[in-house]
Structures are given as C-alpha cells and as structure tokens.
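Okay, here's what each chain looks like letter by letter:
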Amino acid sequence: MARPIIIDTDPSPDDAVAFLMALGSPDELDLLAITTVGGNAPLVLTTKNALKALELVGRPETPVYAGAAGPLCRNLETAEYVHGENGFEGFDLPEPKLKPAAGFAPDAIVDLVMARPERAVTMCCLAPLTNLALALAREPRLAARLERIVLMGGAFSEGGNVSPCAEYNIYVDPEAARRVFACGAPIVMIPLDCTHQALTAKARLARLRAVGKPHMEAFFHLLTANKRFDEAKYGTDGGPLHDPTVVAYLLRPELFGGRDVSVEISCDEMTRGMTIVDWWGVTGRPVNAKVLRAIDAEGYFDIVIERLSRAARG
Ligand code: RIB
Ligand code: CA
C-alpha cells in the first residue's frame, strides 16, 4: 500500500526533483497534492514552476494548491540571487497550460489529512513552513492526525546558508517553524549538515543526463544552472541537492543516520531562524525531532536518478 504524502514546496529545481521522484515511485508513495508557498521566488512563480514541472513529465493529474504568499509576520525574502528571476533558470520551459487547483493550500492540507485515517498522511516540507503553520492554526487536531512531518531545513554545526546561523527555509518564516516544531507531530529534520554532503558533482549530473529522456536533459541543465551559486560560494564540484533528501528518506531511510533530539527555533533578530539542535542532550528539553546528519551520498544519487527518470509518462 503506497504511503499518502503531501509535498509543500517553493520550486526551484531541487524542489521539483523531489516531487517528480515521488511521482516516479507509485508503489511506495501516493502524492495526494503539491502545495506551493512564496519562498525561492514569489508565490505566482513557485506555483507556475510546479505546474511547468508536471507538464514537462506529462503528469497533469497531480493537484497543485497555491498557499501563502509570504511569512506569518514578516516580509518575504526571496532568493533570485540563487535561483534566477523565475526560480527555475537554466532551461526554458513553456508557460504552463495547467492551472492551480481551486482552494488555499493550508485548507487543502487540512481537508486531505482529516479525510484519511489517523497517522495515514506524511507531510513533506521543502520550503518555508508557513502553509503548515496556517493549517495547524486552522485545525489543531492536524498534528495528531499526521503520520509524520519530514522537512528539509535548519542547520547546526554546518552553519547557515542565508545567514551565519540560519538555513533559508527556517530563516524566511521562523515563527512558522517554531509553531511546527512545537506541534507534537513526529518530525524528521534534514538540515544542511546532511544535505551539504550530497553535491551535484559533474559526474553525477552526467549520469542523470545519460538516462537520455527529455525531462532528464532538462533537469541536467536546470540543476547545472541552479548550483552555480553554491559552487562559487563553497568552491565545490556541484552544489547541495537539498530537497530530494526528504523523498529519498521515505524511499530509502537506510541511506541516512541521525538521532532524536530537542530542536528550538530562534526568532530573535541576530539569530533569526537558527535551529538550536541539542545534539548532546545537555538542555534536558523534550525531544521533538529526529535530526539526520549522515547520508550515503552515492546511494542517494542512485535513488534520485532512478526515480526521477521514472517520473515521465511513457
Ligand atoms: O536551504 C535550502 C532550501 O532553500 C531548499 O529548500 C532549497 O529549495 C532552497 O529553497
Ligand atoms: Ca525548497
């Protein structure tokens, strides 16, 4: 029986790889919906990018619900300096014919989860956590209903990527992140400490391109362009492939290692968005997340390439 999941996302290419991998894994995952949020690019563009990616692989059946345009109580800080003006630079995809589904993403999250049995639906979060925080505010029973929340976000020993101490998804809406980490649902957090070990090295992107399908060629160019900023910043061969780790964890949890710890979120100005991970259990604070720190990078790219290649119909 495939696990029902919802993917909340702000598509840049690595977000899109994540949800297309899910579509390429129908025996294990049932993608109920994609929900979009303002993040890497403004909401209208992240929503359009989700529709473009689905059209690229001929999968119009997956509903895309647009959600919050910005954080709960701050102005949105987008990341065009990393992802380009439209959040999807590197390969021109046509304007989508597909339209978003009717309804607001937080409402769709609540309706889809509450319509299914307890602990059935897994929430996969690849973006600022505004939509999930709003869904939790609308339906306090949501946290107890979710199977778990698997989210890409946060950082501890690795340091931040948008500030010295904060990772982008948490930094953009720290109040939403604080609400999510306090909700009581089981959480798996995949921080930069993990994703920075999984780089889109040229040899790996060459393997992806060698699959020879049109959408793999498109993602070769999209990922090549998308990782240029990180390559220049870190001086590495390729950049971290962040968001697909969430789907890879659901498919191959054995590729990852971590521990159950307490995670707190800073909303102070100087340390805004910092995830305070009590890795050594010194605070005595209650455990609220499994934080992953180890990854088998080769095994990760094997499953990414395998399942992304299967995303296209035919
Ligand atoms: O910090 C990494 C996160 O920010 C990922 O979700 C990536 O898509 C970028 O938005
Ligand atoms: Ca993202």
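Overview of the structure. (Residues numbered from 1 in each chain as written. Chains lettered and ligands numbered in written order. Predicted model: local features only at pLDDT ≥ 70, side-chain atom pairs only at ≥ 80, totals over all residues. Heavy atoms only, no water.)

Quick look at helix H11 (residues 214–226) now. The terminal C-alpha atoms of H11, which comprises 13 residues, lie 18 Å apart, in line with the 18 Å expected from a rise of 1.5 Å per residue. Turning to H11, its buried residues are His215, Met216, Ala218, Phe219, Phe220, Leu222, Leu223, Ala225 and Asn226. Taken together, the buried residues of H11 touch helix H1 (13–23), helix H2 (43–56), helix H3 (80–83), helix H10 (202–210), helix H12 (228–234) and helix H14 (297–309). (Helix = DSSP H or I, 4+ residues; strand = E, 2+ residues; numbered from the N terminus. Expected span 1.5 Å × (residues − 1). Buried < 20%, exposed > 50% of the residue type's maximum accessible area, 1.4 Å probe, protein only. Contact = heavy atoms within 4.5 Å.)

What follows deals with the sheet that holds strand S5 (residues 148–152). In spatial order, the strands read S3-S2-S1-S4-S5-S6-S10-S7; together these eight strands make up an open sheet with mixed pairing. Looking at the sheet topology across the chains shown, the edges are occupied by strand S3 (64–66) and strand S7 (256–261). Each strand of the sheet is rotated relative to its neighbour by a mean of 25°, with strand direction disregarded. Looking at chain direction, strand S1 (residues 3–9) and strand S2 (residues 29–36) are connected through seven bridges and run parallel. Among the inter-strand pairings, isoleucine 5 is bridged to a residue of S2, identified as leucine 31. Taken strand by strand, helix H4 (residues 105–114) contacts S1, S2, S3 and strand S4 (122–125), and its axis lies near 155° from that of S2. Each of S1, S2, S4, S5, strand S6 (187–190), S7 and strand S10 (289–295) is contacted by helix H13 (residues 244–251), which is oriented at about 140° to S5, the strand it contacts most. (Pairing = 2+ DSSP bridges. Axes fitted to C-alpha atoms, helices over the stretch in contact; angles between N-to-C directions.)

The full set close to ligand 1 counts 14 residues, and Asp15, Asn40, Asn161, Glu167 and Asp243 are the nearest of them. Between ligand 1 and asparagine 40, the relevant distance is 2.5 Å, taken from an oxygen atom to a side-chain nitrogen or oxygen of the residue. Within the side chain of aspartate 243, a nitrogen or oxygen atom sits 2.7 Å from an oxygen atom of ligand 1. Placement of ligand 1 is best described as lying within the largest cavity. Looking at the shell around ligand 1, the elements with two or more residues in it are H1 and helix H7 (168–172). Considered class by class, the residues forming the shell around ligand 1 number three nonpolar, six polar and five charged. (Near = heavy atom within 4 Å. Polar contact = N/O pair within 3.5 Å; in protein donor to acceptor, adjacent residues only side chain to side chain. 1 Å grid on protein atoms, 1.4 Å probe; cavity = no way out; pocket = protein on both sides within 12 Å on 5 of 7 lines; lining within 4 Å. Sits in = over half its atoms within 2 Å of the grid points. Nonpolar A, V, L, I, M, F, W, Y, C, P; charged D, E, K, R; others polar.)

Time to look at the pattern of salt bridges. If the charged atoms of two oppositely charged side chains come close together, the side chains can form a pair. Under the defined criterion, the tally for this structure stands at 22 salt bridges. When the shortest N-O distance is used, the salt bridge between glutamate 95 and lysine 48 registers 2.9 Å. Remark: lysine 48 occurs in helix H2 and glutamate 95 occurs in the loop between H3 and H4; sequence separation between them is 47 residues. With relative accessibility at 24%, the residue lysine 48 sits in the partly exposed group. Here the salt bridges do not stand alone but share partners, grouping Glu28, Glu306, Arg307 and Arg310 into one network. (Salt bridge = Lys/Arg side-chain N within 4 Å of Asp/Glu carboxyl O.)

Next up on the list: the pairing of S5. Most of S5 is tucked away, with five of its five residues classed as buried. Both faces of S5 are covered, namely the face carrying Arg148, Val150 and Met152 and the face carrying Ile149 and Leu151. Pairing analysis gives four bridges linking S4 to S5, with the strands arranged parallel. The residue of S5 that forms the bridge with threonine 122 is arginine 148. Pairing of S5 with S6 involves four bridges; the strand directions are parallel.

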